[in-house]
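Geometric and topological summary
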Amino acid sequence: MANTMQFDLVSPERSLASLEVTSVQIPGADGDMTAMPGHAAVLTSLRPGVVKVQSADGEKDFVVTRGFAEISADSISVIAEHAHVGTEVTKADLEDVLTAAKGAVKTANSEDKDAAEKFVADLVSLMDAMD
């Protein structure tokens with residue numbers, strides 16, 4: 001079994017990362033998870049949070065809002081609605097996302113309201129952690 005796996009992170013605007021990694025921590029919708037080489041195939045949705053990538057060059061962090069991660073034994077692909085390099089992101093970068101999310105709560109039907117409110121809460125937690 002290999003000691004590394006391919007990691008790719010893309011958002012609609014750009015590709016943020018494509019590198020060989022030893023592990024990736026993902027803010028999954030059902031909780032944080034860590035993927036390493038040999039991981040079982042999984043598809044999970046993301047909640048707002050930080051994707052932490054371990055590679056030979058050290059740790060890199062990426063802030064994501066929502067999207068999904070596809071994990072296999074030898075690769076992980078993260079497709080995020082919004083993504084930023086952790087060292088470059090500011091609260092201001094996420095304000096528009098938060099404003100839109102709060103608007104979505106107001107217009108959501110009863111079936112979608114819980115998910116919309118959870119997204120806002122997760123986003124606020126992420127932004128609070130950036131202080």
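Check the entry above for the structure.
In what follows, the accompanying structure is described. Within any chain, residue numbers begin from 1 and follow the written order of that chain's sequence. This being a predicted model, a pLDDT of at least 70 is required before a residue's local features are given, and a value of 80 or more before pairs of side-chain atoms are given or counted; all residues contribute to the totals for chains, interfaces and linings. Here the side-chain values reflect all heavy atoms present in the structure, with hydrogen atoms and water set aside.

1. Details of the overall build of the protein
A count of helical and extended segments in the protein gives two helices and 10 strands. A helix here means a DSSP run of H or I that spans at least four residues, while a strand means a run of E at least two residues long, and both kinds are numbered starting from the N terminus. The helix and strand sequence of the protein, counted from the amino end, reads β-β-β-β-β-β-β-β-β-β-α-α. In terms of principal-axis extent, the alpha carbons of the protein reach across some 50 × 30 × 25 Å. Relative accessibility under 20% of the residue-type maximum defines a buried residue, over 50% an exposed one, and the middle range a partly exposed one, all with a 1.4 Å probe and only protein chains included. Of all 131 residues assigned to the protein, the portion counted as buried reaches 37%. Only the protein chains shown count as cover for residues, and the accessible areas themselves come from Shrake-Rupley with a 1.4 Å probe. With the model as given, the accessible surface of the protein reaches about 7,100 Å², and the carbon-plus-sulfur share is 51%. In this tally, Lys and Arg are treated as positive and Asp and Glu as negative; His is ignored, and so are the chain termini. Charge coordinates come from a single atom per side chain, which is NZ of Lys, CZ of Arg, CG of Asp or CD of Glu. Charge centroids of the protein, computed over 10 positive and 22 negative side chains, lie 6 Å from each other.

2. Focus: the side chain of Ser55
Tracing the backbone through its elements, the reader meets Ser55 in strand E6 (residues 49-55). In this description, contact between two residues means that some pair of their heavy atoms is separated by no more than 4.5 Å. When near neighbours in sequence (up to four residues on either side) are disregarded, Ser55 contacts Leu19, Glu20, Val21, Thr22 and Lys60.

3. Observations concerning the environment of Ala83
Considering the arrangement of structural elements, one finds Ala83 in strand E10 (residues 83-85). On the basis of relative accessible area, Ala83 is assigned to the buried category, the value being 4%. Between the alpha carbons of Ala83 and Asp93 there is a distance of 9.9 Å; along the sequence they are 10 residues apart. Beyond its immediate sequence surroundings of up to four residues, Ala83 is in contact with Leu9, Ser11, Arg14, Leu16, Val63 and Val64.

4. Some thoughts on the pairing of strand E3 (residues 23-28)
When a strand is regular, its side chains alternate between the sheet's two faces. With five of six residues buried, E3 is to be regarded as a mostly interior element. What makes two strands pair is DSSP finding at least two bridges between them. Of the strand pairs in this sheet, E3 and E6 are connected by three bridges, and their pairing is antiparallel. Bridge assignment links Val24 to a residue of E6, and that residue is Val53. Where E3 and strand E4 (residues 31-35) come together, five bridges link them in antiparallel fashion.

5. Regarding the pattern of salt bridges
Definition used for salt bridges: Asp or Glu carboxyl oxygen within 4 Å of a side-chain nitrogen of Lys or Arg. Throughout the structure, instances matching the rule amount to four salt bridges. Of the charged contacts in the structure, one is a salt bridge between Lys52 and Asp61, with a shortest N-O distance of 3.8 Å. The salt bridge partner of Lys118 is Asp122, with a shortest N-O separation of 2.9 Å. Within this pair, Lys118 and its partner Asp122 are both found in helix H2 (residues 110-129), separated by four residues, close to a single helical turn. Looking at Lys118, the relative accessible area reads 41%, which means it is partly exposed.

6. Focus: the nonpolar core
Definition used in this section: a nonpolar core is a set of buried Ala, Val, Leu, Ile, Met, Phe, Trp, Tyr and Cys residues joined via side-chain atoms within 4.5 Å. Membership of the largest hydrophobic core comes to 22 residues, with the highest contact counts inside it found for Phe7, Leu9, Val24, Ile26, Val53, Phe62 and Ile76. Secondary structure elements with two or more residues in this core: strand E1 (5-10), strand E2 (15-21), E3, E4, E6, strand E7 (58-64), strand E8 (67-71) and strand E9 (75-80). In terms of residues, this core owes the most to one element, E2, which gives four residues. With residues up to four places along the chain from it excluded, the contact list for Phe7 reads Ala17, Ser18, Leu19, Val21, Val24, Val51, Val53, Phe62, Ile76 and Val78. By size, the runner-up hydrophobic cluster in this structure holds 13 residues, among which are Val89, Leu94, Ala101 and Met127.

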